[in-house]
Amino acid sequence: MNRSFFFKTVVAACVSLVGALHATSALAQASDFPSKPVKFVVPFPPGSGTDTSARYFAKKFTELTGQTVVVDNKPGANGFIAVRNVLGAPADGYTVFVGSNSTLAVNVALFKSLPYDPVTDFAPLSMMMRAPALLVVPSQSSYQTVSDVVTAAKAQPGKLDYGSGSAGYQLMAELFNDVAGVQLFHVPFKGASEAMTAVASGTVQMAFADITGASELVKGGKLRALAVASDRRVPAVPNVPTAIEAGLPGFTAYTWVGAMVSAKTPKAETDKLATIMGKIEAMPETREFYEKLGAETMRGGAEEMRAFQNAEIQLWKRIVTKAKVEQQ
């Protein structure tokens, strides 16, 4: 036998064996995943709608896998702190980003440049929920209706203020400005819960809020809801009119939450996480949980989430352009 041929044959066989062993090892690792605690990083403080979703999914994730899930709140800097935390962690599937419309779509439209790309830097796992925004004022406010707010805002351009806990709420307010023909003054906060506290105390005059975080404050009498920005009334706050009923057709705005991991995460681990999150989405108790909060589950896996995310980015870019919002 030709020695050169024999040598090449042996080398090829070794390479093939190494490849097979590597594939088998990777498959074994994926089948064992997760084998240690998982971290859900949230870009907002406790009490926000995103945090509420993260904690619910964390509980169900533990029930399905037996692994502890730690919810790590990293608020501030428009979500940049949380994003850096996720992208700076090992891309092994054990650090999950539970983001929202602001961090995963709106920031692209609102900022001239971002320290991250929500499309190319992240791999989508699943959509989780969406919820219509509420326009809320302090319970002792003189504003009883949306018309009251619009009338006052037109009489005092730039004088009425609103609080927002993220870029997403800010652009909802800009949409309101555009539809109502007014100009409200923006007061930023680190998260939705801080913005709600500011409204309840009268520090700011109003806010556009995630219904999952604000409905209990409305029911408890700490806030007054003037309208829900959806096309139909919400069972969680049945006495609150839609924006159309309140005299503001065209004002429809939703917050949403979805889960992603670093795009560098191996496909096997990404797929396993997506499967687990999808199982949680499909649970009847998940639908019931969100319905009580005035929200709804968003069914769909990685491909559907990516398509939805891209559509949202284009939507908010149009709103920024139409409302002539100055990019930050």
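Keep in mind that what you see is a predicted model, and the values were worked out from it rather than measured. Note on numbering: residues in each chain are counted from 1, in written sequence order. With the structure being a predicted model, the display of local features is reserved for residues of pLDDT at least 70 and the display and counting of side-chain atom pairs for 80 or more, all residues being used for whole-chain, interface and lining totals. The basis for the side-chain values is all heavy atoms of the structure; hydrogens and waters are excluded.

**Quick word on the overall build of the protein chain**
No. 1: Strands are runs of DSSP state E lasting at least 2 residues, helices are runs of H or I lasting at least 4, and numbering of each runs from the N terminus. Summing up its helical and strand segments, the protein chain has 11 helices and 10 strands in all.
No. 2: Projecting the C-alpha coordinates of the protein chain onto the three principal axes gives extents of approximately 95 × 40 × 30 Å.
No. 3: Burial classification: accessible surface area is computed with a 1.4 Å probe over protein chains only, and a residue below 20% of its type maximum counts as buried, one above 50% as exposed, and the rest as partly exposed. Taking all 328 residues of the protein chain together, the buried fraction comes to 52%.
No. 4: Put simply, the protein chain shows about 14900 Å² of open surface, and 56% of that area lies on carbon and sulfur atoms.
No. 5: Only four residue types enter the tally: Lys and Arg on the positive side, Asp and Glu on the negative side; His and the chain ends are excluded. Taken as the charge location is NZ of Lys, CZ of Arg, CG of Asp or CD of Glu. Across the protein chain, the mean location of the 31 positive side-chain charges is 4 Å away from that of the 27 negative side-chain charges. Note on areas: these come from Shrake-Rupley sampling with a 1.4 Å probe, and a residue is covered only by the protein chains present in the view.

**Observations regarding helix α6 (residues 167–180)**
No. 1: Expected helix span is given by 1.5 Å per residue-to-residue step, counting one fewer step than there are residues. Between its first and last C-alpha, α6 extends 20 Å over 14 residues, near the 20 Å set by a 1.5 Å rise per residue.
No. 2: Taken as a whole, α6 has its buried residues at Ala 167, Gly 168, Tyr 169, Gln 170, Leu 171, Met 172, Ala 173, Glu 174, Leu 175, Phe 176, Asn 177 and Ala 180.

**Side note on the packing of aromatic side chains**
For any pair of aromatic rings, geometry is given as the distance between the ring centres together with the angle between the planes.
No. 1: Only Phe, Tyr and Trp rings are paired, with Trp represented by its six-membered ring, and only when their centres lie within 6.5 Å; those with planes under 30 degrees apart are stacked, over 60 edge-to-face, the remainder tilted. Tallying each qualifying case throughout the model produces 15 aromatic pairs.
No. 2: For the ring pair Phe 33 and Tyr 94, a centre distance of 4.9 Å and an interplane angle of 70 degrees mean the geometry is edge-to-face. With a gap of 61 residues between them, Phe 33 in the loop between α1 (3–32) and β1 (38–42) and Tyr 94 in the loop between α3 (80–87) and β3 (95–100) connect regions that are remote in the sequence.
No. 3: Classification of Phe 33 as buried rests on a relative accessible area of 3%.
No. 4: Relative to Phe 208, the ring of Phe 176 has its centre 5.3 Å away and its plane inclined at 55 degrees; by these criteria the two rings are tilted.

**Regarding the pattern of salt bridges**
No. 1: Whenever a carboxyl oxygen of Asp or Glu lies within 4 Å of a side-chain nitrogen of Lys or Arg, that contact is scored as a salt bridge. Summed over the entire model, instances satisfying the criterion amount to 15 salt bridges.
No. 2: Here Lys 219 and Glu 216 are joined by a salt bridge, their closest N and O atoms 3.6 Å apart. Of this pair, Lys 219 and Glu 216 both sit in helix α8 (residues 211–219), three residues apart, roughly one helical turn.
No. 3: The partly exposed category is assigned to Lys 219, whose relative accessible area is 47%.
No. 4: Its salt-bridge partner being Asp 271, residue Lys 267 comes within 2.5 Å of it at the nearest N-O pair. With Lys 267 and Asp 271 both in helix α9 (residues 267–282) and four residues apart, this pair spans about one turn of that helix.
No. 5: We classify Lys 267 as exposed; its relative accessible area is 61%.
No. 6: Judged by relative accessible area, which is 36%, Asp 271 ranks as partly exposed.

**Some points on the side chain of Arg 306**
No. 1: Summarising the element assignment, Arg 306 is placed in helix α11 (residues 302–322).
No. 2: Although Arg 306 is buried, it makes no salt bridge; Asp 117 carries the closest opposite charge, 6.9 Å away.
No. 3: Separated by 2.6 Å, the side chain of Arg 306 and the backbone oxygen of Phe 122 make a polar contact.
No. 4: Between two residues, a contact is recorded if the distance between any of their heavy atoms is within 4.5 Å. In contact with Arg 306, not counting residues within four places along its chain, are Pro 118, Val 119, Phe 122, Ala 123, Pro 124 and Met 260. The term polar contact refers here to a pair of N or O atoms within 3.5 Å; inside protein, the definition further demands a hydrogen-donor-capable atom paired with an acceptor-capable atom, and it admits residues adjacent in sequence only when both atoms are side-chain atoms.

**Describing the confidence of the model for the protein chain**
No. 1: Confidence along the protein chain averages 89 in pLDDT terms, with 91% of residues attaining 70 or more.
No. 2: pLDDT measures how confident the predictor is about each residue, on a scale from 0 to 100. Every residue in residues 23–28 scores below 50 in pLDDT, and together they form zero contacts with partners more than four places removed in sequence or on other chains.

**Observations regarding the environment of Lys 154**
No. 1: Among the structural elements, Lys 154 can be located in helix α5 (residues 146–155).
No. 2: Between the alpha carbons of Lys 154 and Ile 244 there is a distance of 19 Å; along the sequence they are 90 residues apart.
No. 3: Apart from the residues lying within four places of it in its own chain, the contact partners of Lys 154 are Ala 180, Gly 181 and Val 182.

**Some points on empty space enclosed by the protein**
No. 1: In this analysis a 1.4 Å probe is tested at points of a 1 Å grid over the protein atoms alone, and where it fits but cannot get out there is a cavity; an open set with protein on both sides within 12 Å along at least five of seven lines is a pocket; lining residues have an atom within 4 Å of a point. Grid points are joined across faces, edges and corners, and a volume is the space filled by probe spheres set on the points. Considering all chains together, one arrives at three cavities of 30 Å³ or more under this definition.
No. 2: Surrounding the largest cavity, 16 residues form its lining, Phe 44, Thr 50, Ser 100, Asn 101 and Tyr 169 being those nearest its centre.
No. 3: Those elements giving two or more residues to the lining of the largest cavity turn out to be α2 (49–65), α4 (101–110), α6 and β9 (254–262).
No. 4: Of the residues forming the lining of the largest cavity, the biggest block, three residues, is contributed by β9.
No. 5: Here the lining of the largest cavity is built from residues that sort into six nonpolar, nine polar and one charged. Nonpolar residues are Ala, Val, Leu, Ile, Met, Phe, Trp, Tyr, Cys and Pro. Charged residues are Asp, Glu, Lys and Arg, and all others, Gly as well, are polar.

**So, the nonpolar core**
No. 1: Residues Val 146, Leu 160, Phe 176, Leu 184, Met 206, Phe 208 and Phe 251 are the most contacted members of the largest nonpolar core, which totals 56 residues.
No. 2: Those elements that provide at least two residues to this core are α3, α4, β4 (122–138), α5, α6, β8 (223–228), β9 and α11.
No. 3: Element by element, the count of residues in this core is highest for α6, at eight residues.
No. 4: If we ignore the near neighbours within four places in the chain, the residues touching Val 146 are Leu 135, Phe 176, Leu 226, Ala 227, Ala 246 and Leu 248.
No. 5: Remark: nonpolar core denotes a set of buried residues (Ala, Val, Leu, Ile, Met, Phe, Trp, Tyr, Cys) joined through side-chain atoms within 4.5 Å. Grouped together as the second largest cluster of nonpolar side chains are 49 residues, Phe 57, Ala 58, Ile 211 and Val 237 included.

**Quick notes on α9**
No. 1: With 16 residues, α9 ought to run about 22 Å at 1.5 Å a step, and its terminal C-alpha atoms sit 22 Å apart, in line with that.
No. 2: Taken together, the buried positions of α9 are occupied by Glu 269, Thr 270, Leu 273, Ala 274, Ile 276, Met 277, Ile 280 and Glu 281. Each buried residue of α9 lies within a common arc of 165 degrees when the element is viewed along its axis, so the set occupies one face. Exposed and oriented more than 90 degrees from the buried face of α9 are Lys 267 and Lys 279. Each direction from the helix axis to a C-beta atom contributes to the arc, which is the arc of those directions.

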